[in-house]
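# Survey of secondary and tertiary structure
Here's the letter readout for the chains.
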Amino acid sequence: MLELGIKEIREKILKHELTSEQITKAYIDEIKNSKLNAVVEVFADALTKAREMDKKIASGFSGKLAGVPIIIKDNILVKGKHASAGSRMLENYIAEYTSTVAQKMLNEGAVLFARANMDEFAMGSGTETSYYGKTFNPFDITRSPGGSSGGSAASVGGNLCAAALGTDTGGSIRQPASYCGAVGIKPTYGRVSRYGVIAFASSLDQVGPITKSVEDNAILLEVLSGRDENDETSDITPVANYTAFLNKDIRGMKIGVISSVEKMMKGLDCEAYYNKMKQFLTKHGAQLVPVEVENMELALPVYYIIAPAEAASNLARYDGVKYTFRDKDARNLEEIYRKSRTQGFGKEVKRRIMLGNYVLSSGYFDAYYNKARSLQAKLRADMLKAFNNCDVILMPSTKGEAFKIGAKVNPVDAYMEDMFTVSANITGVPAISVPFCMGKNNMPVGMQFLAPHFEEGRLYRVADFVEKHKEGK
Amino acid sequence: MITLKEIKHLEDLSKLEFTEQERQNFLTEFDGIVAFASQINNAKVSGEDKSFIQSINMANLREDVAKPGLTQAEVISNAPSKNKGCFSVPRIME
Amino acid sequence: MEYDVVIGLEVHAELKTNTKCFCACVNSAGQEPNTNCCPVCVGLPGALPVLNKKAVEQTIRAGLALGFNINRTAVFERKNYFYPDLAKAYQISQLVKPICVRGYLQVGNKKLPINRIHLEEDAGKLVHSNDGSTLVDYNRGGVPLIELVTEALEEPHIESADEAIAFLEKLRQVYIYAGVADCIIEKGQMRADVNVSLKPKGSKTYGTKVEMKNIMGFKSVHRAIEYEIARQKDILDDGGVIEQETRKWDDDKGMSFTLRTKENSEDYRYFPDPDLLAVNISEAEIENIRKTMPPLPDQLKAKYMGEFGLSEYDADVLLQFKNVSDFFNECVAEYNQPKTVCNWITTEIMARIKTETGAGPILISKQNLVWLMKNVDNKKINRLNAKDVLSAVWGTEKSAEQEAKARNLIIDIDTNALDEIVNKVVLNNAGVVAQFKAEQDPKILNFLVGQVMKETRGKANAGDVMAKIKELTK
């Protein structure tokens, strides 16, 4: 029962083969026994909410997520619930309002029953920087689930929920999804509202579903998407019917491959899996088209300038004055600021705040921030041009299989984890990671597809086909 | 190369404080990170200052219509220190 | 030594809108603390700003009223610094692409250049209490502000405290007439930062600027500027050097103090706010705002003096308060006798509404005032009686016409009846009449007129009566 996804659970509940309470309780029990540390908190009212939903369903309600237990990442607000973004800074913070994404899921009948562990303020690629401890990979607890949505991906991969929400700023949905054998999408920037989602880097952050199947992913993204008057950057483009893209073949689809990306793969495990995917695609009638995007290898340093710059500013509000941790010994305002922030933030967050303020500070602004923004514009333009010649672009999601916990000692090594994922964030296009094969250590490996802005449907078409026709199916 | 003085300045901007030892360690680490970011220096961009900014037409901006917000109790519900419906900090000497 | 004084102004004004700049909270002051707030203006985690269209329109309107060019694309940036009144620890403002660039304000015979007007959000309020704490209230946080920055490095300059005040008063008038801001100084709706520099007379090189922040009220601005000019003169005369710094004006002490020097000046790390989009402003939208611009003080003054033939003094009196000139315009539209209307308003109305700090509301309808003016001019009511009626209807719903009738003040006595009364008075006062004939003393004439008016109970026209008596006593 635990391995069921959104679609099956909803159907069983509507057919009275299962109640929301039963499945929610099953997940809660599983979380209690789990050694993954994927979940920070199971909400006290989870079963009450599930029972309420069962009643509502009994009286005819049949929302798209009716009764389905879903876990949210610890940076997504639900009024009256804790949300701490994996930080001591927000340890006691209780949301005063509900995020748009949570509200949309609640409207469709979801039971948001727990919050998932994450890298502190989503800064990390291994769910190792959380104030609430490391999360472990459901396929091998000596390995990382990836990050920053590692708790969400491990919960899905470890069957602790039907589905989970993550956020993706530089790969934080796709990389952990790849490591945990789950489907994860980073939607087009502006597709999903960011209102009520604790910000990391505003121009790059997107919320997205992490699910057990491509179909579940499409169902959930359809619920999450759309213009929100509370988020000026959310787009007015109508939301497509994503499930309509499923169960199609990929014959004649033009799959872009980028030579500079292939160069970046040299010496990495992913090269073999990537080549295998190319064979798979051609075998099923898709056409590989070489496309060029200049400076792809610079997407990562560009990201590590823009994201920290925005983060330094976004995280300045956590100052010990309004709703955060405040150091008790602080005697004056300056001490409240300095001591609260020094103790409230972990090492990686401090590192990125310092880096962000460095690239924004007078004397460095043009050389770093402005230069990075120009390169971003160029990458975006090149990416759009590449899509003139192909339907989707293929890339690895990750360098290989999930790394061993504690293996990333040097910050820059850890940053390299995002090398294949950041380009989608930098250019704003949607990208999906779909489980493809098992790696040399018998860990799951995902492959990544990118599509033009608001063409998530194409991603679902190809990912759904991969899911259904890959080896072992 | 980043200097200790620069690190201290960044601490001021960031409202953080490192111990001497932390600062030393950070310095080494930070050099590596900045070197990593500096890879972009070699890239050539035509129209150097043309960064991409998404735009909205004025007509599509929010209409000037009021909506209810939070209650006072909600506003200060998470405050580490509060008084008379306000957030409270030690008296600021101007 | 003789110096040229160069004064720059940065003027903040709260815009008139229904809601705040980036959220749907009401734009109004004076509630209980933190009761006019939402996740956005308290800077809660996950909250996002959404720009108010009206605030942009109002900024454009302010710009057009001052001859500005409007940028077709405007960008919002974050100005980063920590202070408890700044909920997000950054202020959303504009640096590189403000909404309005290059305008001017005509003050006296100087066309003073203005660098920019940009739109930004106000901060909350801090109350320093006696129990050793400072309290933070975010009701004002997020209120839309426009910041205007004069162009101090171009001729002509603001060169004295008097000119600075004239600039501010004129600017305030323009904002109020354009309908973009109420600019109530006591409520802090208009605030000025001032910078002052001195250079040797005739020198082309500018001196070092010293800035003074957040001075409350125009009188204090005047004092602060005079103080700063004197302070810098003393230093320069002694061969000293002016330090670039920001000073704080203490109005009680009548002195300013160093707030921060150049070395520890803030690095605000401006960058485009990634939560907001650049705003495209179309030519049509600009034209639409231009077309709906209410008449501005300079236009009205030209009309009053030219078309209406009023004196400059009268025009200035009428224009001093927008509600007064609005009322004047409405009355003239009803009764096309601008000089008469002007006289009534500058005397009777002004006397009733003028307060120490401004002008109160006009508590008489234009219909009532027009009725009184017309009927005085038509000799249907005596001027003194008309003023009594004005007093009686002021602040009430009463009709002037009905009030005049109720008081039996309408001049409806016919010529025969009046002749009869005049004859009677002349007969009954034969002695006095004889004296008048001999001495032609106007006082005696007035006495006789008074007797007739008494008989008619004020319902005759005094001028007519006087003419008749003169006729009879020739």
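For the structure itself, look to the data block above.
Sequence order as written defines residue numbering, which begins from 1 separately in each chain. To read the labels, note that chains go from A and ligands from 1, taken in the order they are written. Owing to the predicted nature of the model, reporting of local features is limited to residues with pLDDT of at least 70; listing and counting of side-chain atom pairs is limited to 80 or more, with chain, interface and lining totals taken over all residues.

### Structural notes on the overall build of chain A
- By definition, any uninterrupted DSSP run of H or I lasting at least four residues is a helix, any uninterrupted run of E lasting at least two residues is a strand, and each is numbered from the N terminus. A count of helical and extended segments in chain A gives 16 helices and 11 strands.
- As defined in this context, the radius of gyration uses C-alpha atoms, and a globule is described by 2.2 Å times the residue total to the power 0.38. Rg of the C-alpha trace for chain A: 21 Å, near the compact-globule value of 23 Å for 473 residues, within the 12% margin.
- Counts of 20 or more other C-beta atoms within 10 Å of a residue's own C-beta define buried residues, counts of 12 or fewer define exposed ones, and intermediate counts define partly exposed ones; C-beta atoms are placed from the backbone. Residues classed as buried in chain A amount to 67% of the 473 residues present.
- A separation of at least 24 residues holds for 75% of the contacts in chain A among residues at least 6 apart in sequence. Here the contact rule is simple: place C-beta atoms from the backbone, and any two residues whose C-beta atoms are within 7 Å are in contact.

### Overview of the overall build of chain B
- Within chain B, the regular secondary structure consists of 3 helices and 3 strands.
- Its C-alpha radius of gyration of 23 Å places chain B more than 25% over the 12 Å reference for a compact globule of 94 residues.
- Dimensions of chain B along its principal axes, counting C-alpha atoms only, are 50 × 45 × 25 Å.
- Going through the 94 residues of chain B one by one, you find that 22% of them count as buried.

### Some thoughts on helix H6 (residues 312–319) of chain C
Residue and element names in this part refer to chain C.
- Within H6, burial applies to Asp-314, Ala-315 and Leu-318. Down the axis of H6, the sector holding all buried residues measures 100°, keeping them to one side. Counted as exposed and oriented over 90 degrees from the buried face of H6: Glu-312 and Tyr-313.
- Contacts from the buried residues of H6 go to helix H5 (297–305), helix H7 (322–334) and helix H8 (338–353). To obtain the arc, one takes the directions from the helix axis to the C-beta atoms.

### What about the interface of chain B and chain C?
- Counting from both sides, the interface comprises 30 residues of chain B and, opposite them, 41 residues of chain C.
- At the level of secondary structure, the elements contributing two or more residues to the side of chain B that touches chain C comprise strand E1 (55–57), helix H3 (72–75) and strand E3 (86–90) of chain B.
- Broken down by element, the side of chain B that touches chain C gets its largest block of residues, 5 residues, from E3(B).
- Relative to strand E9 (residues 133–137) of chain C, E3(B) is paired through 4 bridges, and the arrangement is antiparallel. Counted as the bridge partner of Val89(B) is Thr134(C) from E9(C). Any two strands with at least two DSSP-identified bridges between them are counted as paired.

### Concerning the packing of H8(C) against helix H9 (residues 366–377) of chain C
All names here are of chain C.
- Between H8 and H9, the shortest axis-to-axis distance is 11 Å and the interhelical angle comes to 120°. As summarised for this structure, H8 and H9 are arranged oblique, according to the angle between their axes. As H8 packs across H9, the resulting crossing turns out to be right-handed. Contacts between H8 and H9 involve Thr-340, Val-341 and Trp-344 from the first element and Leu-369, Met-373 and Asp-377 from the second. Axis lines are fitted to C-alpha atoms, over the contacting stretch for helices. Their N-to-C directions set the angle, which ranges from 0 to 180 degrees. In these notes the angle categories are as follows: under 35 degrees is roughly parallel, over 145 is roughly antiparallel, 65 to 115 is roughly perpendicular, and the rest is oblique. Working rule for handedness: look at the near helix, and if it is turned counterclockwise from the far one by less than a right angle, call the crossing left-handed; if clockwise, right-handed.

### Quick look at the interface of chain C and chain A
- Tallying the contact residues gives 25 residues for chain C and 34 residues for chain A.
- Only Asp, Glu, Lys and Arg are considered charged in this grouping, and only Ala, Val, Leu, Ile, Met, Phe, Trp, Tyr, Cys and Pro are considered nonpolar; every other residue, Gly among them, is considered polar. The residue inventory of the side of chain C that touches chain A, partitioned by class, reads 17 nonpolar, 3 polar and 5 charged.

### Concerning unusual backbone geometry
- Look at the link from Gly147(A) to Ser148(A): it is a cis peptide, with omega at 5°.
- The linkage connecting Glu155(C) with the following residue, Pro156(C), adopts the cis geometry, with an omega of -15°.
- Examined against the element boundaries, Pro156(C) turns out to sit in the loop between strand E10 (144–150) and helix H2 (161–178).
- At Asn295(A), a position not held by glycine, the phi torsion is positive, near 60°.
- Here Asn295(A) is to be found in the loop between strand E8 (287–291) and helix H10 (299–314).

### Digging into the sheet that holds strand E8 (residues 125–128) of chain C
- With antiparallel pairing, the 4 strands of this open sheet are ordered in space as E2(B)-E3(B)-E9(C)-E8(C). A strand with exactly one partner marks an edge of an open sheet, and here the two such strands are strand E2 (82–83) of chain B together with E8 of chain C.

### Topic: the packing of helix H12 (residues 347–360) of chain A against helix H1 (residues 4–14) of chain B
- One can describe the packing of H12(A) onto H1(B) by two numbers: an axis separation of 9 Å at closest approach and a directional angle of 100°. Taken together, the axis directions place H12(A) and H1(B) in an arrangement best described as roughly perpendicular. Of the residues in H1(B), those touching H12(A) at Ile353(A), Met354(A), Asn357(A) and Tyr358(A) are Leu10(B), Leu13(B) and Ser14(B).
- The residue inventory of the contact of H12(A) with H1(B), partitioned by class, reads 5 nonpolar, 2 polar and no charged.

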